[in-house]
Amino acid sequence: MLSFIYQMAHEFEENHGLRPNMVYLNREQFTHLHEELASIRNLASMSRLLGMEIVLSPESTHPRVTWSAIDWRTAIAV
């Protein structure tokens, strides 16, 4: 899952000229990612490693990356 996300991020950057800062995953995809990153204990650390916010989306059938101008950590903390 990790290599797939990095591949999507690379393709996104090539196509759009921006590094994605969000990845959408469903619960099963997140579980696979979490298993690959078993040594990382919390979501914030996983996000830092990826360089993207992780958004759990039940309707997401395939992982996808995107870019958002909104810093969601700041927006949610308000």
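Further up the page is the structure itself.
Bear in mind that the values here come from a model prediction, so they are computed numbers and not experimental data.

Draft legend 1. Spatial organisation of the environment of Gly-51. Structurally, the position occupied by Gly-51 is in the loop between α3 (43–50) and β2 (53–56). Spatially, the C-alpha atom of Gly-51 lies 9.8 Å from that of Ala-9, the residues being 42 residues apart in sequence. Look past the residues within four positions of Gly-51 in its chain and what remains in contact with it is Pro-20 and Asn-21.

Draft legend 2. Seen up close, the environment of Thr-61. Structurally, the position occupied by Thr-61 is in the loop between β2 and β3 (64–66). Take Thr-61: its relative accessible area is 62%, and that puts it in the exposed class. Thr-61 sits 54 residues away from Gln-7 along the chain, and the two C-alpha atoms are 17 Å apart. Those residues within four positions of Thr-61 in sequence are excluded, and the remaining contacts are Asn-26 and Gln-29.

What counts as what
- Residues numbered from 1 in each chain as written.
- Predicted model: local features only at pLDDT ≥ 70, side-chain atom pairs only at ≥ 80, totals over all residues.
- Heavy atoms only, no water.
- Helix = DSSP H or I, 4+ residues; strand = E, 2+ residues; numbered from the N terminus.
- Contact = heavy atoms within 4.5 Å.
- Buried < 20%, exposed > 50% of the residue type's maximum accessible area, 1.4 Å probe, protein only.

Everything listed is a geometric property; what it means functionally is a separate question.
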